[in-house]
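What the coordinates show
Here is how the chains run, residue by residue.
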Amino acid sequence: MDGNEYVDLMCSFGPVILGHKHPAVERAVAAQRALGDTQAGPAPCMVEAAELLVDRVAHADWAMFAKNGTDATTICLMVARAATGRSTVLAATGAYHGSAPWCTIRLDGVTPGDRASIAYYEFNDIASVERAAEQAGGDVAAIIVSPFKHDAGFDQELVDPGFARGLRALCDRIGAVLITDEVRAGFRLNDGGSWEPIGVAPDLSAWSKAIGNGYPLAAVLGTESLGAAASRIFVTGSFWYQAVPMAASVATITAIRDEGAVPAMEAIGTRLRDGIERQAQAAGLTVFQTGPVQMPNLRFAEDRRFAKAGTFCGAAVEHGVIVHPRHNWFVSAAHTDQDVERALEGTWEGFQAVRRQFGPG
Ligand code: PMP
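Residues numbered from 1 in each chain as written. Predicted model: local features only at pLDDT ≥ 70, side-chain atom pairs only at ≥ 80, totals over all residues. Heavy atoms only, no water.

1. Concerning helix α6 (residues 161-174)
Short version of the rule: Counting from the N terminus, the helices are DSSP H or I runs at least four residues long and the strands are E runs at least two residues long. Multiplying one less than the number of residues by 1.5 Å gives the expected span of a helix. Each residue gets one of three labels from its accessible area relative to the maximum for its type: buried under 20%, exposed over 50%, partly exposed in between, using a 1.4 Å probe on protein chains only. Any two residues whose heavy atoms approach within 4.5 Å are treated as being in contact. Under the rule applied, a polar contact is a pair of N or O atoms within 3.5 Å (in protein, one hydrogen donor and one hydrogen acceptor; residues adjacent in sequence only if both atoms are side-chain atoms).
Taking 1.5 Å as the rise per residue, α6 with 14 residues should run 20 Å; its terminal C-alpha atoms sit 20 Å apart, in good agreement. Burial in α6 covers these residues: Phe163, Ala164, Gly166, Leu167, Arg168, Leu170 and Cys171. Where α6 is buried, its residues touch β4 (118-121), α5 (126-135), β5 (140-145) and β6 (177-181). Sitting at the head of α6, Asp160 places a side-chain oxygen 2.8 Å from the backbone nitrogen of Gly162.

Structure below.
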């Protein structure tokens, strides 16, 4: 609008995995829009999108669609409860699974009843999960977990494979459903389920953000044994059968593999992380970069109230790079080495501003 240009390192908080206006996605969108979008029933591309997701994500035998990540995680809970006849769901303390009353991060407008059947454990601490399960008696319907710890305002933490295997074993032992929340990490760590490289398969997974490269779509993927329960629950929405986002999804998921999106994001993320590390050292500032390089997370030392992070991001944005002080950032497969160089010009201004305002440290 005002002539400014930015390198977008938030990618719309995750959806834009292939870059804004990716040609193949936009072509698929235009073609579907010419045929029809919101109609009284679904278009054939719903089946194509479902088949593609089931093909790409190893644990999945079926798919169903909704709009937002919150829809997907909430449907997972409903399927697990319908299948087991139990109520309690175990979730990690501080993990974000959406903005419905069972999981939203503020308690205003939420009743104790909304939270009555949610119990909490600590990420990467299997003993805490065992304790929470024991306290719930025989009532655990599901355990929901993010592929890695990506809570806003904290260092990110990769999953300990032993923890993931422990969750799988516990669910098998007590007859509970294992749900992975792939809404944020999905298709950024792996061209398929995020835990496939460590050999742990969930029963259900919740997806949104990256599956449509910016077009509104969410999906729940599940194993055969939960198909009957998924068919019994009633969930729908006026716009859930919109065809354009499903056509966008087919093109997006296809391009993620064909264009090597995951290795591209790894290479770009590594370049960015190395550049930021060099700049922080040159500015005499201590920073912590955590989690996968595709989803950068930057924290300043001695910065509990995020004052340094705020100064850094304010100056960086003024100098042409969109970053966030508390939430992880996202790289896309469209970012080039030149984009990283331009982004680093902005982050360098950010570090200089922090140094001026707070001194070294
Ligand atoms: N789960 C995770 C891990 C998320 O990051 C988000 C969104 N940030 C959600 C669920 C909720 O998705 P939505 O905002 O699309 O409802």
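Read on for the rest.
2. Some words on a nonpolar patch on the surface
Note the cut-off: Patch definition: residues with relative accessible area over 30% and no salt bridge; like charges joined within 9 Å; nonpolar side chains (Val, Leu, Ile, Met, Phe, Trp, Tyr) joined within 5 Å. Throughout, the Shrake-Rupley method with a 1.4 Å probe supplies accessible areas, and for residues the shown protein chains are the sole cover considered. Note on definitions: salt bridges are taken to be side-chain nitrogens of Lys or Arg within 4 Å of carboxyl oxygens of Asp or Glu.
On the surface, Tyr6, Val317 and Ile322 cluster together into a nonpolar patch covering about 220 Å² of accessible area. One can find Ile322 in strand β11 (residues 321-322).

3. Quick look at the nonpolar core
A general trend in soluble globular proteins is that nonpolar side chains are found buried together. Heads up, the rule is: We call a set of buried Ala, Val, Leu, Ile, Met, Phe, Trp, Tyr and Cys residues a nonpolar core when their side-chain atoms join them within 4.5 Å.
Judged by nonpolar contacts, the single largest core of 59 residues is most densely connected at Leu9, Phe187, Phe300, Phe312, Trp329 and Phe351. When residues of this core are traced back to their parent elements, those giving at least two are α1 (23-35), α2 (44-56), β8 (218-222), α8 (243-258), α9 (261-283), β10 (298-300), α10 (307-318) and α11 (337-358). Setting aside residues no more than four positions away along its own chain, Phe300 makes contact with Leu285, Thr286, Val287, Lys308, Ala309, Phe312, Phe351 and Val354. Counting 30 residues, the second-largest nonpolar core is a separate cluster that includes Met64, Cys76, Ile118 and Ile233.

4. Here we look at the packing of aromatic side chains
Put simply, the rule reads: Only the six-membered ring of Trp is used, alongside the rings of Phe and Tyr, when aromatic pairs are assigned; centres must lie within 6.5 Å, and planes under 30 degrees apart are stacked while those over 60 apart are edge-to-face, with the rest tilted. By definition here, charges over rings are those cases where NZ of Lys or CZ of Arg is within 6 Å of the ring centre and within 35 degrees of the ring normal.
Using the criterion set out here, one finds seven aromatic pairs in the structure. With a centroid separation of 5.5 Å and an interplanar angle of 50 degrees, the aromatic rings of Phe123 and Phe163 are classed as tilted. With Phe123 in the loop between β4 and α5 and Phe163 in helix α6, this residue pair connects regions lying 40 residues apart in the sequence. When sorted by exposure, Phe123 lands in the same class as Phe163, which is buried. Through a chain of ring-to-ring contacts, three or more aromatic side chains come together here, namely Phe300, Phe312, Trp329 and Phe351. Cation over ring: Lys149 sits above Phe154, and NZ or CZ is 5.7 Å from the ring centre.

5. With respect to the sheet that holds β4
Worth spelling out the cut-off: Strand pairing is assigned whenever DSSP identifies at least 2 bridges connecting the two strands. To obtain an axis, a line is fitted to C-alpha atoms, over the contacting stretch when the element is a helix, and the angle between two such axes runs from 0 to 180 degrees between their N-to-C directions.
Strand order in this open sheet of seven strands is β2-β8-β7-β6-β5-β3-β4, and the pairing throughout is mixed. Unpaired on one side and paired on the other, β2 (62-66) and β4 mark the two borders of the sheet. Between one strand axis and the next, the sheet turns by 20 degrees as a mean value, whatever way the strands run. As judged from the five bridges shared by β2 and β8, these two strands associate in the antiparallel manner. In the sheet register, Ala63 faces β8, and the bridge partner there is Leu221. Sheet contacts for α2: β2 and β8; angle to β2, the most-contacted strand, approximately 125 degrees. Where α6 meets the sheet, it contacts β4, β5 and β6, and its direction lies at approximately 165 degrees from that of β5.

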